[in-house]
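Fold and contact review
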Amino acid sequence: MLPLANKRIILGITGGIAAYKCAELTRGFVKAGADVKIVMTKSAEEFVTPLTLQALSGNRVHQNLLDIEAEAAMGHIELARWADIIIIAPATANFIARAAQGKAEDLLTTILLATPSLIAIAPAMNVEMWTDKQTQTNVEILRKRDVIVLGPSSGSQACGDVGLGRMLEPELIIDSVTQSFQTDILTGRKILITGGPTREAIDPVRYISNHSSGKMAYALASEAVNAGAEVLLVSGPVMETVPERVTCLKVTSADEMLHLVLSRMQDVDIFIGVAAIADYRPAKEEKQKIKKHKNQIDLTLIKNPDIISEVASLPNRPYIVGFAAETENILENGIEKLTRKNLDLLFANDATETFGSDVVASTAIFADANFTIKSGKKSAVARHMLQIIASKLPAN
Ligand code: PMT
């Protein structure tokens, strides 16, 4: 199989002399099996023609943010979501500065803000510009946002200077992009992920639930598929779009989730319980809408089944990963849940920052060790979590 088969790459080209190498870069990505779409800034067009890149990529080149025709075909948000990775090569000092400031003044900067995908930049500029403090601060800002920085390399430059600032050679960029997918870490693994909240009916119009948006579970599902896994997502009611190549089955209550999960456990290698399952449900679901003429009503709640504990008690149980959102004593409570529920690994996070958010910081807890995963986009943190999980699995 080609190393970038099934991968979708946006190659963003900005206005530097190294832009001429993008023809070779595009050809290399296509040869490696990727579907490549090109986005060019205005100044990039001074160095290389859109026609060349269109011919090499086999796709229409995207140039303007406010282009009615292009928006009708594939809007900028759709484009931002389409990509598995966005690589900016060359990334000029000016572009890096604009990206670090979070500008959205042209198509490429806008896509960077809108994308949930991996972003990489291959800086290319004069050595003095690269070593300038402001450029280094800008690069650091991007690194903190989990942008992968490829290069630059050292050597003689177009301006005659010698030193750091040359864009990495296309084959090295292609190697790094290939590695960043690490396509094989979950190949051949079957993963069942639960996500979102559950809703526990009080009457036909009311329910008990929580603030889970499903973002963490959907990010894990998407990244697991990218890493080669077969993924079944059992999801409570959320607004998230099901990632491509993920099989998603929707449920409403904890009871439904339990039955569906247990009926689908065959051959599952990894179970990841991200769902924020309601711990209790009303003892009785009223058949008719409860009238509000009383000042007070009593609601009796009974305990819901603990899905992850049931999975943990199965014979031939899979590798089991739990999640915990805590408002205090995150580590202590996480360790207690890992032990009580008989899990292999638990990711504990701060409930006040995690529900509904696009970012998360987490602590990975094992029976004998724990370490923190730094705050980042849920997609980036999900990749890190899956690397941790993959490293613990026996060879298949
Ligand atoms: O959906 P998002 O907005 O992206 O937010 C993500 C999240 C905060 C929901 C997620 O990161 C998270 O922390 N999920 C677990 C929430 C939680 O606090 O779970 P818990 O402590 O109640 O349960 C611990 C573990 O047992 C979890 O793996 C849970 O899925 C599982 N559990 C809990 C109760 C139950 N009845 N059955 C279970 O299987």
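That block above? That's the structure.
Cut-offs applied
Residues numbered from 1 in each chain as written. Predicted model: local features only at pLDDT ≥ 70, side-chain atom pairs only at ≥ 80, totals over all residues. Heavy atoms only, no water. Buried < 20%, exposed > 50% of the residue type's maximum accessible area, 1.4 Å probe, protein only. Helix = DSSP H or I, 4+ residues; strand = E, 2+ residues; numbered from the N terminus. Near = heavy atom within 4 Å. Polar contact = N/O pair within 3.5 Å; in protein donor to acceptor, adjacent residues only side chain to side chain. Areas by Shrake-Rupley, 256 points an atom, 1.4 Å probe, with all protein chains shown as cover. Nonpolar A, V, L, I, M, F, W, Y, C, P; charged D, E, K, R; others polar. Contact = heavy atoms within 4.5 Å. Phe/Tyr/Trp six-rings, centres within 6.5 Å; stacked < 30°, edge-to-face > 60°. Lys NZ or Arg CZ within 6 Å of the ring centre and 35° of its normal.

Here's the deal with helix H5 (residues 93-100)
- Within H5, 7 of the 8 residues are buried, which leaves it mostly tucked inside the rest of the structure.
- Note on H5: the residue one or two positions beyond its end, glycine 102, has a positive phi of about 70°.

Examining the site of the ligand
- The environment of the ligand is formed by 26 residues, the closest being Ser212, Ser213, Gly273, Lys337 and Gly356.
- Serine 212 places a polar side-chain atom, nitrogen or oxygen, 2.6 Å from an oxygen atom of the ligand.
- About the coverage of the ligand: the protein hides 95% of its 770 Å² of free accessible area.
- When residues of the shell around the ligand are traced back to their parent elements, those giving at least two are helix H10 (215-226), helix H12 (307-312) and strand E16 (319-326).
- When residues in the shell around the ligand are grouped by element, the largest group, 4 residues, is from E16.
- Class assignment of the residues belonging to the shell around the ligand gives a composition of 12 nonpolar, 8 polar and 6 charged.

Describing the side chain of serine 57
- Within the secondary structure, serine 57 sits in helix H2 (residues 50-57).
- Here serine 57 falls in the buried class, since its relative accessible area comes to 10%.
- A distance of 3.1 Å separates a polar atom in the side chain of serine 57 from the backbone nitrogen of asparagine 59.
- Those residues in contact with serine 57 that lie beyond four places of it in its chain are Thr26, Val30, Val36 and Ile38.

Thoughts on the packing of aromatic side chains
- One pass over the structure, following the stated rule, counts 2 aromatic pairs.
- A ring pair is formed by phenylalanine 323 and phenylalanine 347, whose centres lie 5.5 Å apart and whose planes are at 50°; its orientation type is tilted. One end of the pair, phenylalanine 323, is in strand E16; the other, phenylalanine 347, is in strand E17 (residues 345-350), with 24 residues separating them in the sequence. Taken as a pair, phenylalanine 323 and phenylalanine 347 share a single burial class, namely buried.
- Between lysine 392 and the ring centre of phenylalanine 366, over which it is positioned, the NZ or CZ distance is 4.6 Å.

Bear in mind that shape data such as this cannot, by itself, settle questions of function.
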